[in-house]
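Inside the fold
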Amino acid sequence: VQLQASGGGLVQAGGSLRLSCAASGGTFDYYAMAWIRQAPGKEREFVAGITWGGGDIYYTDSVQGRFTISRDNAKNTVYLQMNSLRPEDTATYYCAAARTGRNIAASATTGYDYWGQGTLVTVSS
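Below is a summary of the structure that appears in this document. (Residues numbered from 1 in each chain as written. Predicted model: local features only at pLDDT ≥ 70, side-chain atom pairs only at ≥ 80, totals over all residues. Heavy atoms only, no water.)

**Focus: the side chain of R66**
Relative to the helices and strands, R66 is located in the loop between β6 (57-59) and β7 (67-72). A polar contact of 2.8 Å, which involves the side chain of R66, links it to the backbone oxygen of S62. Those residues in contact with R66 that sit more than four places away from it in its chain are Q81, M82, N83, S84, L85, R86 and D89. (Helix = DSSP H or I, 4+ residues; strand = E, 2+ residues; numbered from the N terminus. Polar contact = N/O pair within 3.5 Å; in protein donor to acceptor, adjacent residues only side chain to side chain. Contact = heavy atoms within 4.5 Å.)

Okay, here's the thing in C-alpha cells:
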C-alpha cells in the first residue's frame, strides 16, 4: 500500500486546512488509518485515528473539537479537517495505515504497516 498525503500549507491562526491521504496498491477498506504529526525538535504525536468502517474514531486531547478525521473508502482516501488552527499545530503531518485497530486505539505513533511521506502544516500567529 502506498500512501500520498497532501493539503498542507501556510495558514494564519484560527484558519482551516483539510489534509488528504490517498491510498493505492492495496485494499484500503481493510486498514485503520491515522494522522500523526511531528513538530520540529519534538517527538511524533498521534493526532487522530479511524477504523475500517469509520465506526470508531480517536483524537488526542489537544485537537478534540477542532479536528475531524473521516474516510471515503470508495475513493481510498482519509481526510483530516483542521479548524481553529493554532501555532502549536505547526508540524509535518503523516498518514499511516494499520491492519488492526490496536494502534489507533492506543494512540500509538509506531507499529503501523504503511506511512505516507508527510505534508507540512505551518500556522502563523
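**Some points on the environment of K42**
Looking at the element boundaries, K42 is found in the loop between β4 (32-38) and β5 (44-50). Classification of K42 as exposed rests on a relative accessible area of 58%. (Buried < 20%, exposed > 50% of the residue type's maximum accessible area, 1.4 Å probe, protein only.)

**Concerning the environment of G26**
Along the chain, G26 falls in the loop between β3 (17-24) and β4. By relative accessible area, which is 37% here, G26 ends up partly exposed.

**Observations regarding the pattern of salt bridges**
By the definition in use, this model includes four salt bridges. Linking R37 and E45 is a salt bridge whose minimum nitrogen-to-oxygen distance equals 2.7 Å. With its nearest N and O atoms 2.8 Å apart, the salt bridge here joins D89 to R66. In this pair, D89 sits in the loop between β8 (77-82) and β9 (91-98) while R66 sits in the loop between β6 and β7, placing the two residues 23 residues apart along the sequence. (Salt bridge = Lys/Arg side-chain N within 4 Å of Asp/Glu carboxyl O.)

**A look at the pairing of β4**
Counting buried positions along β4 yields six of seven residues, so the element is predominantly enclosed. Direction of pairing for β4 relative to β9: antiparallel, over a ladder of seven bridges. When the bridges of β9 are listed, I36 appears paired with Y94. With six bridges connecting them, β4 and β5 associate as antiparallel partners. Residue pairing for β5: M33 is matched across the bridge by I50. Linking β4 to β5, which pair antiparallel, is a turn of five residues; within it G41 sits at a positive phi near 75°. (Pairing = 2+ DSSP bridges.)

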